[in-house]
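Structural description and commentary
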Amino acid sequence: MGLLYLGTPLSWDQAKPHADAIREHGITQFLNIWHRLKDRQGDELLWGDEVEYMVVSFDHDAGAARLSLRQTDILAKLAQLVNDICIESPFRTDMPTFHPEYGRFMLESTPGSPYTGSLPDLLSVEKSMRYRRTLARSHLKPNEVPITLPVFPRLGVPGVFTDPYYDPANAKASHSLFLPDEITNPHVRFPTITANTRERRGSKVAMNLPLFFDTNTPRPFIDPTIPWDRNIYKEDPEAKNGAALPDHIYMDAMGFGMGCSCLQITFQACNIAEARRVYDALVPIGPIMLALTAASPAWRGYLSDVDCRWNVIAGSVDDRTEEERGIKPLSENKYVIPKSRYDSVDSYISTDWINRPEYNDNPLPIDEKTYQRLRDNGLDDLLAKHIAHLFIRDPLIVFSETLDWNDETSSDHFEGIQSTNWQTLRFKPPPAGSPIGWRVEFRSMEISLTDFENAAFSIFIVLLSRAILSFGLNFYVPMSKVDANMQRAQKRNAAREGTFFFRNSVFPVGSERRYTTTAPVTPPDLPNGCGPSINKENKLRNCYPEVPPPADPEKLRVPIEEEYEEMTIDEIINGKGNDFPGLLGLVHAYLNSLDVDFPIKRKLRKYLALIEQRADGTLMTAATWQREFIRSHPDYKFDSVVSESINYDLLKAADEIERGLRPAPGFLPSHYTGTEEDTGEPGP
């Protein structure tokens, strides 16, 4: 979530004249951090997760499930609870923190203190997540439930879908046909960023998801729930003038995307070079994990033909004008910008020798003045282009009180633009005046229904990041193929039926690879002692040396197109014959390189088994589970409509599964225990 500042927000017309000055100050603030901390070394592995919930209010008498808009009251109670516990036990650092999010029906939670590299900390992740959910549930009304699914299936339907009800006719910030302003967090940041996005764009945002055509779905599908003739706001005619596409589910407001929940993981690196190395290596992993965590098949009361949230969020904050989208020739604007400010990563940034220039094969518009200033201050070409690309964007939220803040002590203008470039990964400089180091945030994953799943995906990414550093792994593919994978990842049942471009040789050039299809990968023999040592370590760590280049440069001159091939998710995760070990094989190899007690390894294998089984199809994704639940419901008419009764039963089943009261064969492993029995513990 972005910066929350109490002040006087500026409308777009008021903010626009300050955009260049804010960018200038933002770069000054970044350079101040750069000059102070570019040589910072030796930071230990610290990491954390962010879990987002939607609070659902059940009306059991009416058989209805609605979004509870009591975020402010709930957060106040949770803050008081945590404060009281901390007063009673002033030396405790394990109490979680709850934060507001864009939707007034949303909560976000983070651990009270970061996880370290200790192996017991890995096993504390699920306990911490369960404890946070238990705390949240204890301060809700008896009919309210914190559910971790990315999207409420009936957000924006005609009639009542929130508790209490508000009329979308009063949507003064978004001008939405479907969503009232009251679904938005009341902090001035959120309605302002909503209105400023619309004003800057010159129209409402427009997202169109392909409809899932069932046996009784009319063809062509012209949505009867759109108020085609409403005439309240100037943008109301946009739907019938072409913004709403036939055979699609049309959405027109930021709340449809920024009201989605997700799971995010942030790591602290040893230094800036290591942060850039991990960032680049995880870029191709983003689409794979998006497909594997797919959990978003239903939107605005209809079944869609996609399984993930990504394109909806990307569209929901797309403030690009028609010129910037390439619809009209450039006149008032400087750049044609290929993507929304919420989308996949645009460029690799590591200076390691394995990052070939050909991998950055997408157009990358940059602010030339910013680029030159960064270069003049000692930044290399790749990082200067990364920052200069972020800074082609305008600030969407400006407070009058922050216009003249001290660039030596503040990084708010930098973060104001950095934090509103929402990409699959985020390269994060240390905050001004903070002991925190250089970090990487992994952002592509959907939120999962249970804390067991969310912990499993978190642990897998953390272990994979360590395998990357320990073994010097190379996952580079051209950025255009990563973008293609992002679109493929969102298709219906992509985790089972899709194929993805992925690198077919991931170990360093010149290293020996030893593995079989029936046993975990053996760590490679790397040159100059970069691999694991004979004396095994008993914790995850940072500060691995860079893998040196081979003596024979001809080995680097393999054609790019021979470095990758199309693979299924099963092959990418679990391996492909004798040629590719799979990401899970690499993680097992990394664990084998550590001194891990058998009880810990046995518990970790339960989490990794979930990854394996989701990838090979033994266990279905949450998107497939929801789709099958909806299509097998007795009230479903095979017309693509998710009715009130279906939505109620779906969310009720989701809650019962999470609590362990309802078995979910084919979706969760048989050993799963819900929060009804295991309420978790503070941690780490």
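The structure displayed is predicted, hence computed values, not measured ones.

Topic: the overall build of the protein chain
Across its full length, the protein chain holds 21 helices and 19 strands. For a compact globule of 684 residues, the expected C-alpha radius of gyration is about 26 Å, and the protein chain comes in at 24 Å, within 12% of that figure. By its C-alpha atoms, the protein chain is 70 × 60 × 60 Å across when sized along the principal axes. With 684 residues in all, the protein chain has 61% of them scored as buried.

A few points about the pairing of strand β4 (residues 106-110)
Within β4, 5 of the 5 residues are buried, which leaves it mostly tucked inside the rest of the structure. Two elements, strand β3 (residues 97-99) and β4, share 3 bridges in a ladder whose sense is antiparallel. Each bridged residue has a counterpart across the sheet, and for H99 the counterpart in β4 is E108. Here β3 folds back onto β4 in antiparallel fashion, the turn holding 6 residues.

With respect to the packing of aromatic side chains
All told, the structure shown has 24 aromatic pairs when counted by the stated rule. With centroids separated by 5.8 Å and ring planes inclined at 85°, the aromatic side chains of Y102 and F190 adopt a geometry described as edge-to-face. Within this pair, whereas Y102 is found in the loop between β3 and β4, its partner F190 is found in helix α5 (residues 189-201), the two being separated by 88 residues in sequence. F190 shares its class with Y102; the two are buried. Three or more aromatic residues joined by ring pairs form one cluster here, namely F30, W34, F391 and F414. Above the face of the F213 ring, R219 is positioned so that its terminal group lies 4.0 Å from the ring centre. Positioned above the aromatic ring of F212 is the side chain of R627, whose terminal nitrogen or guanidinium carbon lies 5.4 Å from the ring centre.

Description of α5
The terminal C-alpha atoms of α5, which comprises 13 residues, lie 18 Å apart, in line with the 18 Å expected from a rise of 1.5 Å per residue. Judged by how many residues are buried, α5 sits mostly within the fold: 11 of 13 residues are covered. For α5, the elements touching its buried residues are α1 (12-15), α7 (254-258) and β13 (422-423). Backbone geometry just downstream of α5 places G202 in the positive-phi region, at approximately 90°.

Comments concerning helix α9 (residues 285-292)
Most of α9 is tucked away, with 8 of its 8 residues classed as buried. Within the sequence span of α9, burial applies to I285, G286, P287, I288, M289, L290, A291 and L292.

A short note on the pattern of salt bridges
Scanning the entire structure with this criterion turns up 49 salt bridges. For K385, the salt bridge is made with D381, and the minimal N-O distance between the two is 3.6 Å. Of the two residues, K385 and D381 both sit in helix α12 (residues 381-390), 4 residues apart, roughly one turn of that helix. Across the salt bridge formed by E453 and R614, the nearest N and O atoms sit 2.8 Å from each other. Of this pair, E453 sits in helix α14 (residues 451-471) while R614 sits in helix α19 (residues 598-616), and the two are 161 residues apart along the sequence.

Details of the confidence of the model for the protein chain
Averaged over the protein chain, the pLDDT score is 93; the fraction of residues at 70 or greater is 94%. In this model residues 514-523 is a low-confidence stretch, pLDDT under 50, and it forms 26 contacts with partners more than four residues away in sequence or in other chains. Taken together, the stretch residues 525-533 has pLDDT below 50 and engages in 21 contacts with residues farther than four places along the chain or on a different chain.

Some details on the state of the cysteines
Within the structure shown, the criterion is met by 1 disulfide. Each sulfur of the disulfide joining C270 and C543 lies 2.2 Å from the other. Looking down the S-S bond of the C270 and C543 bridge, the torsion is 95°, so its handedness is right-handed. Of this pair, C270 sits in the loop between β9 (263-268) and α8 (272-282) while C543 sits in the loop between β18 (522-525) and β19 (564-568), placing them 273 residues apart in sequence. Of the residues examined, C270 reaches a relative accessible area of 4% and is grouped as buried. Its sulfur unpaired, C260 is 8.7 Å from the next cysteine sulfur, which belongs to C262.

Structural notes on a positive patch on the surface
On the surface, a cluster of positive charge is contributed by K127, R602, K603 and K606. The topology assignment puts K603 in helix α19.

Let's talk about the environment of W228
Structurally, W228 can be placed in the loop between β7 (207-210) and α6 (239-243). Overall, W228 belongs to the partly exposed group, its relative accessible area being 24%. With residues near it in sequence (within four places) discarded, W228 still touches I222, D223, A239, K240 and A244. Within the structure, the side chain of W228 is placed 3.1 Å from the backbone oxygen of D223, a separation counted as a polar contact.

What about the nonpolar core?
Nonpolar side chains in soluble globular proteins tend to end up buried together. Of all hydrophobic cores here, the largest spans 202 residues; its most connected members are I285, F460, F475, I573 and L583. A per-element tally of this core places α14 first, with 14 residues. Each residue touching F475, except ones within four places of it in the same chain, is listed here: A281, P284, I285, L464, I468, F502, R503, V506, L583 and L586. Judged by nonpolar contacts, the second largest core, of 6 residues, contains W12, A15, I22 and L403.

What counts, and at which threshold
Residues numbered from 1 in each chain as written. Predicted model: local features only at pLDDT ≥ 70, side-chain atom pairs only at ≥ 80, totals over all residues. Heavy atoms only, no water. Helix = DSSP H or I, 4+ residues; strand = E, 2+ residues; numbered from the N terminus. Rg over C-alpha atoms; globule rule 2.2 N^0.38 Å. Buried < 20%, exposed > 50% of the residue type's maximum accessible area, 1.4 Å probe, protein only. Pairing = 2+ DSSP bridges. Phe/Tyr/Trp six-rings, centres within 6.5 Å; stacked < 30°, edge-to-face > 60°. Lys NZ or Arg CZ within 6 Å of the ring centre and 35° of its normal. Expected span 1.5 Å × (residues − 1). Contact = heavy atoms within 4.5 Å. Salt bridge = Lys/Arg side-chain N within 4 Å of Asp/Glu carboxyl O. pLDDT = per-residue confidence, 0-100. Disulfide = S-S within 2.5 Å. Patch = residues over 30% accessible without salt bridge, like charges linked within 9 Å, V, L, I, M, F, W, Y side chains within 5 Å. Areas by Shrake-Rupley, 256 points an atom, 1.4 Å probe, with all protein chains shown as cover. Lys, Arg positive; Asp, Glu negative; His and termini not counted. Charge placed at Lys NZ, Arg CZ, Asp CG, Glu CD. Polar contact = N/O pair within 3.5 Å; in protein donor to acceptor, adjacent residues only side chain to side chain. Core = buried A, V, L, I, M, F, W, Y, C linked by side-chain atoms within 4.5 Å.

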